[in-house]
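What follows is the residue order along each chain.
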Amino acid sequence: MSALCFQHVPFEGPGVFEKALVDAGLHLTCRLVPELGLPSELPDFLLVMGGPMSVNDPDPWIRQEADFIRRCVNADVPYLGVCLGSQFLAKAMGGAVYKGPAPEIGITRLHKTSAAAGDPVFRTAPEPLEVIEWHGEGIEAPPGATVLAKSDLFPVQAFRIRRAYGLLFHAELDTAGVDRLCAHCQEDVALSGLTAEAIQATAATHLPALNRWADAIIRAVITG
């Protein structure tokens, strides 16, 4: 079985999801969509990562990627979208993406919705759930979606539609991934009012639990 990972910048890759997919028996290929465009065939699993752009930007590849994602969801391809990938999912399926009241960067506390208790991904997540965030835009869930988690600033932090999941937060990051975000997104770090060192130190205390959950996320999305 094939798993395809859409990247939008080189420094935001699949992270710990890569090992989880390989351990599940999938062959993973990564593709930098803004440079290489889209494949012609649908994969068996689609993972869509983050990036500093917005799904509301006018670049032609953004509309084309949203169309590809819609095809995957309608074909019941297991889908996992992270940060920008969750916003792509929302936009592709009739939701919206908007500028938030303030950025969420670093560790953020989320709360599960009542629907999370019956969800194969979120029923095992702790309550509250502390995750790593790196975004300034929020999501209006598409019609028919089930909202699974929220924060104080953003009422949609995770949602499911058919076999597709959107996570506004980053469950894939390891220590190197956090370091890369801090290095490549220094303006975001300054905007957050934090230092890179503070973000890295706080993230380090949460990464082991998040990485264990990341493996469970992949297994649950694959099995539906």
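Enquirer: Go over the overall build of the chain, please, and point to the residues and values.
Expert: Tallying secondary structure elements over the chain gives 7 helices and 9 strands in all. Over its C-alpha atoms the chain spans a radius of gyration of 16 Å, differing by no more than 12% from the 17 Å that the globule rule assigns to 224 residues. Classification of the 224 residues of the chain by burial places 50% in the buried group. Restricting to contacts in the chain with at least 6 residues of sequence separation, those with at least 24 account for 74%. Of the roughly 9600 Å² of accessible surface on the chain, a fraction of 53% belongs to carbon and sulfur atoms. If the 17 positive side-chain charges of the chain are averaged to one point and the 26 negative ones to another, these points end up 8 Å apart.

Enquirer: Describe the pairing of strand β9 (residues 164-167), listing the residues and the values that go with them.
Expert: Looking down a regular strand, the side chains alternate between one sheet face and the other. With burial as the criterion, each face of β9 is covered, one bearing Ala164 and Gly166 and the other bearing Tyr165 and Leu167. Alignment of strand β4 (residues 79-82) against β9, held across 4 bridges, turns out to be parallel. What sits directly across from Leu80, in β9, is Tyr165. Examined bridge by bridge, strand β8 (residues 158-161) and β9 share 4 bridges and lie antiparallel to one another. Directly across from Ile161, in β9, lies its bridge partner Ala164.

Enquirer: Go over the environment of Ala196, please, and point to the residues and values.
Expert: Counting through the fold element by element, Ala196 comes out in helix α7 (residues 196-223). The residues contacting Ala196, other than those within four sequence positions of it, are Cys182 and Val189.

Enquirer: Describe the side chain of His170, listing the residues and the values that go with them.
Expert: With respect to the helices, strands and loops of the structure, His170 is situated in the loop between β9 and α5 (175-184). There is a polar contact of 2.9 Å between the side chain of His170 and the side chain of Glu172. Once residues lying within four places of it in the same chain are set aside, the contact partners of His170 are Glu12, Val82, Cys83, Ile132, Glu133 and Trp134.

Enquirer: So what about the pattern of salt bridges? Which residues, and what values?
Expert: The full count for this structure, using the stated rule, is 7 salt bridges. With a shortest N-O distance of 2.9 Å, Arg70 and Asp67 are connected by a salt bridge. Placement of the pair is Arg70 and Asp67 together in helix α3 (residues 60-74), with a separation of 3 residues, close to one helical turn. Judged by its relative accessible area of 30%, Arg70 falls in the partly exposed class. Since its relative accessible area comes to 29%, Asp67 is described here as partly exposed.

Enquirer: If you had to explain the packing of aromatic side chains to someone new, which residues and values would you point to?
Expert: Tallied over the entire structure, the rule returns 5 aromatic pairs. Ring centres of Phe6 and Phe68 lie 5.4 Å apart, and the angle between their planes is 50°; on these two criteria the pair is classed as tilted. With Phe6 in strand β1 (residues 2-7) and Phe68 in helix α3, this pair connects stretches of sequence that are 62 residues apart. Each ring, one from Phe122 and one from Trp213, has its centre 5.3 Å from the other, and the planes form 80°; the classification is edge-to-face. Residue Phe122 is found in the loop between β5 (96-112) and β6 (129-140), and its partner Trp213 is found in helix α7; the two are separated by 91 residues along the sequence.

Enquirer: Describe α7, with residues and values.
Expert: Of all bends in α7, the biggest is about 45°, found at His206, and the proline Pro208 comes one to four residues later. For α7, the complete set of buried residues consists of Ala196, Ile199, Ala203, His206, Leu207, Leu210, Trp213, Ala214, Ile217, Ile218, Ala220 and Val221. Of the residues one or two after α7, Gly224 is the one with positive phi, at around 75°.

Enquirer: Kindly report on the packing of α5 against α7, identifying the contributing residues and their values.
Expert: Axis separation between α5 and α7 bottoms out at 10 Å; the angle between their running directions is 160°. Judged by the angle between their axes, α5 and α7 are roughly antiparallel. Crossing geometry of α5 relative to α7 is assigned as right-handed. Here Thr175, Val178, Asp179 and Cys182 of α5 lie close against α7, whose contacting residues are Ala196, Ile199, Gln200, Ala203 and Leu207. Residues that form the contact of α5 with α7 fall into these classes: 6 nonpolar, 2 polar and 1 charged.

Cut-off values and rules
Residues numbered from 1 in each chain as written. Predicted model: local features only at pLDDT ≥ 70, side-chain atom pairs only at ≥ 80, totals over all residues. Heavy atoms only, no water. Helix = DSSP H or I, 4+ residues; strand = E, 2+ residues; numbered from the N terminus. Rg over C-alpha atoms; globule rule 2.2 N^0.38 Å. Buried < 20%, exposed > 50% of the residue type's maximum accessible area, 1.4 Å probe, protein only. Contact = heavy atoms within 4.5 Å. Areas by Shrake-Rupley, 256 points an atom, 1.4 Å probe, with all protein chains shown as cover. Lys, Arg positive; Asp, Glu negative; His and termini not counted. Charge placed at Lys NZ, Arg CZ, Asp CG, Glu CD. Pairing = 2+ DSSP bridges. Polar contact = N/O pair within 3.5 Å; in protein donor to acceptor, adjacent residues only side chain to side chain. Salt bridge = Lys/Arg side-chain N within 4 Å of Asp/Glu carboxyl O. Phe/Tyr/Trp six-rings, centres within 6.5 Å; stacked < 30°, edge-to-face > 60°. Bend = angle between axes of the 7 residues up to and from the residue. Axes fitted to C-alpha atoms, helices over the stretch in contact; angles between N-to-C directions. Parallel < 35°, antiparallel > 145°, perpendicular 65-115°, else oblique. Left-handed = near helix turned anticlockwise from the far one by under 90°. Nonpolar A, V, L, I, M, F, W, Y, C, P; charged D, E, K, R; others polar.

Just geometry here; none of it tells us what the structure is for.
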